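Take a look at the letters that make up each chain.
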Amino acid sequence: MFNQKFSNGIISAKQFSREDIDYILKKGKEMINIKNSNLLQGKILATLFFEPSTRTRLSFESAMYRLGGNVIGFHSSDVSSIKKGETIADTIRTVENYSDCIVMRHSLEGAATLAAKFAKIPIINAGSGSGEHPTQALLDLLTISEEIGPLDGLNIGLMGDLKYGRTVHSLSILLSNYNVNVYFISPVQLRMRNRDKDFLQQRQINYKEIINYRKILSILDVLYMTRIQKERFVDSEEYEKIKNYYHFMKEDLKETKDNFRLLHPLPRITEISPDVDNSEKAIYFKQTSYGIPMRKALLAELMID
Ligand code: NCD
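For the structure given in this document, a descriptive report is provided here. From a predicted model like this one, the values you see are computed outputs, not experimental measurements.

### Examining the site of the ligand
For step 1, the next point in the chain: Neighbouring the ligand are the residues Thr-56, Arg-105, His-133, Gln-136, Arg-166, Thr-167, Arg-227, Gln-229, Pro-265, Leu-266 and Pro-267.
For step 2, the next point in the chain: Look at the ligand: alone it shows 320 Å² of surface, and the protein chains cover 94% of it.
For step 3, the next point in the chain: In this structure, the ligand is accommodated by the largest pocket.
For step 4, the next point in the chain: For the shell around the ligand, a count of residues per class yields 3 nonpolar, 5 polar and 3 charged.

Structural data, given as structure tokens:
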């Protein structure tokens, strides 16, 4: 069972020790073989999505239904009272009376932390601005451990928008619990934030910052690509200049090891050529399937006493 430190829910990847990650990966693996059950019968999950989502919201909802529970919620701030000027705190203090757990996505970096402060039920951070997206990072680790093997010893590249991408922030925090070599591959303007690099440094994790991924492609076990986060740019001209910075092509795969795997949290824009999709090394669609067992495991932990 999850301990006391998860009683407010899952806000940041920093809440997880290696022991916690190994535990939830084990639970996630078990859930792969349990398609439907009535584990969460009578429980209600509220999904509050103030920002667009396809995979995260639908996999949380599907996971809840597959465990016998029910879902309420909204998928746009346009249809909630936030539109009328209601605060996050007031929304949370209302929705907690209607549900057993709240999954929330919001454009503000501190939104999930704030929500957890007011809620008496667990909050799950499903993406907080350019801050974090911890449950995505957990499903990414489940993907790696199922499709590649144990994390220790792997050479892992995180590539694309490392400044604004919340998935890579949470993933690098989780990876700092393992003995991995991390390569941060990005244009100079979109480098990993100092606070995330400091976190790795404190934990004595080897990392290198690189611009040209082709230089290290042959040694990587995992390349985790991300899209340039258009909606976070203050200056749209800056986005236009940088949006096509990377374009991973089929030819690139020739340089990679046999057991190399290409991941992406999706949505993919132009950073991976569609002709890469058919390669057995491209596992980003398979990766989406691990959202269900991981989220089932998390929901069960948070809602069963
Ligand atoms: C990501 C997100 O919302 O941060 N998507 C997801 O949850 N799978 C990645 C992105 O939007 O680029």
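### Let's talk about the packing of helix H5 (residues 134-147) against helix H11 (residues 291-303)
For step 1, the next point in the chain: Relative orientation of the contacting elements H5 and H11 amounts to 120°, with a least axis distance of 9 Å. With respect to H11, the element H5 is oriented oblique. Where H5 crosses over H11, the handedness of that crossing is right-handed. In this structure, H5 contributes Thr-135, Gln-136, Leu-138, Leu-139 and Leu-142 to the contact, and H11 contributes Gly-291, Pro-293, Met-294, Arg-295 and Leu-298.
For step 2, the next point in the chain: Taken together, the residues of the contact of H5 with H11 sort by class into 6 nonpolar, 3 polar and 1 charged.

### Section: the pattern of salt bridges
When the charged atoms of two side chains lie near each other, side chains of opposite charge can form a pair.
For step 1, the next point in the chain: The full count for this structure, using the stated rule, is 22 salt bridges.
For step 2, the next point in the chain: Note that Glu-209 is salt-bridged to Lys-197, the shortest N-O span being 2.9 Å. Of this pair, Glu-209 sits in strand E8 (residues 207-210) while Lys-197 sits in helix H7 (residues 194-202), placing them 12 residues apart in sequence.
For step 3, the next point in the chain: You can call Lys-197 buried: its relative accessible area is 10%.
For step 4, the next point in the chain: Arg-214 serves as the salt-bridge partner of Asp-252, at 2.8 Å between the closest nitrogen and oxygen.

Thresholds applied
Residues numbered from 1 in each chain as written. Predicted model: local features only at pLDDT ≥ 70, side-chain atom pairs only at ≥ 80, totals over all residues. Heavy atoms only, no water. Near = heavy atom within 4 Å. Areas by Shrake-Rupley, 256 points an atom, 1.4 Å probe, with all protein chains shown as cover. 1 Å grid on protein atoms, 1.4 Å probe; cavity = no way out; pocket = protein on both sides within 12 Å on 5 of 7 lines; lining within 4 Å. Sits in = over half its atoms within 2 Å of the grid points. Nonpolar A, V, L, I, M, F, W, Y, C, P; charged D, E, K, R; others polar. Axes fitted to C-alpha atoms, helices over the stretch in contact; angles between N-to-C directions. Helix = DSSP H or I, 4+ residues; strand = E, 2+ residues; numbered from the N terminus. Parallel < 35°, antiparallel > 145°, perpendicular 65-115°, else oblique. Left-handed = near helix turned anticlockwise from the far one by under 90°. Contact = heavy atoms within 4.5 Å. Salt bridge = Lys/Arg side-chain N within 4 Å of Asp/Glu carboxyl O. Buried < 20%, exposed > 50% of the residue type's maximum accessible area, 1.4 Å probe, protein only.

These values are about where atoms sit, not about what they do.
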